[in-house]
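Analysis of the macromolecular model
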Amino acid sequence: MKKQSCGNCQNIDWKLKKEAQGRLSGRYRYGCSAQRSGYICGFIADDGKLDTLVCPSWKGGKTAETDYGKLSDQYNEKLQGLYDRWSDWKARGCLEAEVSDGEYLNRLRTGIETMMRQIENLFDEADYPDCYYAPLPPVMDVGYMANCQEIKEYAIRALKEYRNNQDYLWLAGHMQQMDNDDKENSETYRLLCHAESLEEAIRTGNYLQMKRESFQDSLYDDMASCKKRILSRKGRATKRKPKKSSRQIIGQMGIGELKVS
């Protein structure tokens, strides 16, 4: 599909052509039904330059080399895909959990509206895809979350698994041995906070936070890696040889002191 330009605009009048005079001699412009002057917005040296001109009144037109029947089918498939995704997310929820399902659904609705405007600019009404006439999905409450009961049940199971994980228990014990000043800046604190955040979400009914904290695919690997690094540091510390103690008897004068005396 070509970009919007005077060359593929329905408003252009190919039969009306005006030659320029004076310093623009040799240039010309075609008629345009959308412009007050009755002509396109600039003079050109050849028709190839029409692709560089466009105005806000551009209206999609047909070009000889474009199969608009096939293009209409492509837009129909794309638009149907957006409608299907909206229906699926409305019933089952979005796979992502950065924002609420309601926010994702409203973004999809905006995408549907944008594609409908593209269809209006590109096709004659007789060539609009079938999906164009489907009802536009409603604007959703931004706090909407699908399958709240399932989210809560999964969150409760996830919290139990976190708390029973051996690496989690080991890190929690290690945390108790740390100085208070070091705790909040540690990787251990960050990892253990996921369980606390999930517990808080369950208690307050924050379904978005439950969903976000429950699907931490890498959390178990991260806890295992953190434990391994801590044990490795402890192992290196124990291998360091202590300084050799002096064999000098307490109260005995050293060699340097003997020389002075």
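What follows deals with the overall build of the protein. Looking only at helices and strands, one finds nine helices and two strands in the protein. Counting from the amino terminus, helix and strand elements in the protein follow one another as β-β-α-α-α-α-α-α-α-α-α. Out of the 261 residues in the protein, the part that is buried amounts to 34%. In the protein, 61% of the contacts between residues at least 6 apart in sequence involve partners at least 24 apart. On the protein, roughly 17600 Å² of surface is accessible, and the fraction owed to carbon and sulfur atoms is 49%.

Keep in mind that most residues, glycine aside, have a negative phi and that most peptide bonds are trans. In this structure, Asn147 takes a positive phi of about 55° despite not being glycine. As for its position among the elements, Asn147 is in the loop between α2 (101-122) and α3 (148-164). For Asn147, a relative accessible area of 30% translates into the label partly exposed.

Here Gly69 shows up in helix α1 (residues 68-92). Along the chain, Gly69 and Tyr128 lie 59 residues apart, while their C-alpha atoms are 9.5 Å from each other.

Turning next to the packing of aromatic side chains. Scanning the model with the defined rule gives seven aromatic pairs in all. A ring pair is formed by Tyr128 and Tyr133, whose centres lie 6.4 Å apart and whose planes are at 40°; its orientation type is tilted. Given a relative accessible area of 14%, Tyr128 falls into the buried group. Residue classification places Tyr133 among the exposed positions, given a relative accessible area of 52%. An aromatic cluster of at least three residues, connected via ring pairs, comprises Trp14, Tyr28 and Tyr30. Across from the ring centre of Tyr39, 5.3 Å away, lies the NZ or CZ of Lys18, which sits over that ring. The positively charged end of Lys78 is found above the aromatic ring belonging to Tyr75, 5.4 Å away from the centroid.

Here helix α6 (residues 187-204) contains 18 residues, and its C-alpha end-to-end distance of 26 Å stays within 8% of the 26 Å for a straight helix at 1.5 Å per residue. Of all the bends in α6, the greatest measures close to 30° and is centred on Cys193. Along α6, the residues classified as buried are Thr188, Leu191, Leu192, His194, Ala195, Leu198, Ala201 and Ile202. The first or second residue beyond α6 is Gly205, which carries a positive phi of 75°.

As a packed pair, α3 and α6 sit with axes 10 Å apart at the nearest point and diverge in direction by 150°. With respect to α6, the axis of α3 lies roughly antiparallel. For α3 against α6, the interelement crossing comes out left-handed. Along the contact surface, α3 presents Lys152, Ala155, Ile156, Ala158, Leu159, Tyr162 and Arg163, while α6 presents Ala195, Glu196, Leu198, Glu199 and Ile202. Of the residues in the contact of α3 with α6, the class split is eight nonpolar, no polar and four charged.

All right, on to the side chain of Ser72 then. Structurally, Ser72 can be placed in helix α1. Not counting residues up to four positions away in its chain, the partners in contact with Ser72 are Phe123, Asp127, Tyr128 and Pro129.

On to the nonpolar core. Membership of the largest hydrophobic core comes to 23 residues, with the highest contact counts inside it found for Leu171, Leu191, Leu198, Ile202, Met210 and Met223. Those elements that place two or more of their residues in this core are α3, α4 (166-176), α6, α7 (207-214) and α8 (219-239). By residue number, the principal contributor to this core is α6, which donates six residues. Setting aside its immediate chain neighbours within four residues, Leu191 contacts Leu171, Leu219, Asp222, Met223 and Cys226. Among the nonpolar cores identified, the runner-up in size contains 21 residues, and Leu108, Met116, Tyr132 and Met140 belong to it.

Once that is clear, we can look at α7. Taking burial as the measure, the eight residues of α7 include six buried ones, the bulk of the element. Residues of α7 that are buried: Leu208, Gln209, Met210, Lys211, Glu213 and Ser214. Among the residues of α7, the N-terminal cap falls to Asn206, whose side-chain oxygen and the backbone nitrogen of Leu208 are separated by 3.4 Å.

Criteria and cut-off values
Residues numbered from 1 in each chain as written. Predicted model: local features only at pLDDT ≥ 70, side-chain atom pairs only at ≥ 80, totals over all residues. Heavy atoms only, no water. Helix = DSSP H or I, 4+ residues; strand = E, 2+ residues; numbered from the N terminus. Buried < 20%, exposed > 50% of the residue type's maximum accessible area, 1.4 Å probe, protein only. Contact = heavy atoms within 4.5 Å. Areas by Shrake-Rupley, 256 points an atom, 1.4 Å probe, with all protein chains shown as cover. Phe/Tyr/Trp six-rings, centres within 6.5 Å; stacked < 30°, edge-to-face > 60°. Lys NZ or Arg CZ within 6 Å of the ring centre and 35° of its normal. Expected span 1.5 Å × (residues − 1). Bend = angle between axes of the 7 residues up to and from the residue. Axes fitted to C-alpha atoms, helices over the stretch in contact; angles between N-to-C directions. Parallel < 35°, antiparallel > 145°, perpendicular 65-115°, else oblique. Left-handed = near helix turned anticlockwise from the far one by under 90°. Nonpolar A, V, L, I, M, F, W, Y, C, P; charged D, E, K, R; others polar. Core = buried A, V, L, I, M, F, W, Y, C linked by side-chain atoms within 4.5 Å. Polar contact = N/O pair within 3.5 Å; in protein donor to acceptor, adjacent residues only side chain to side chain.

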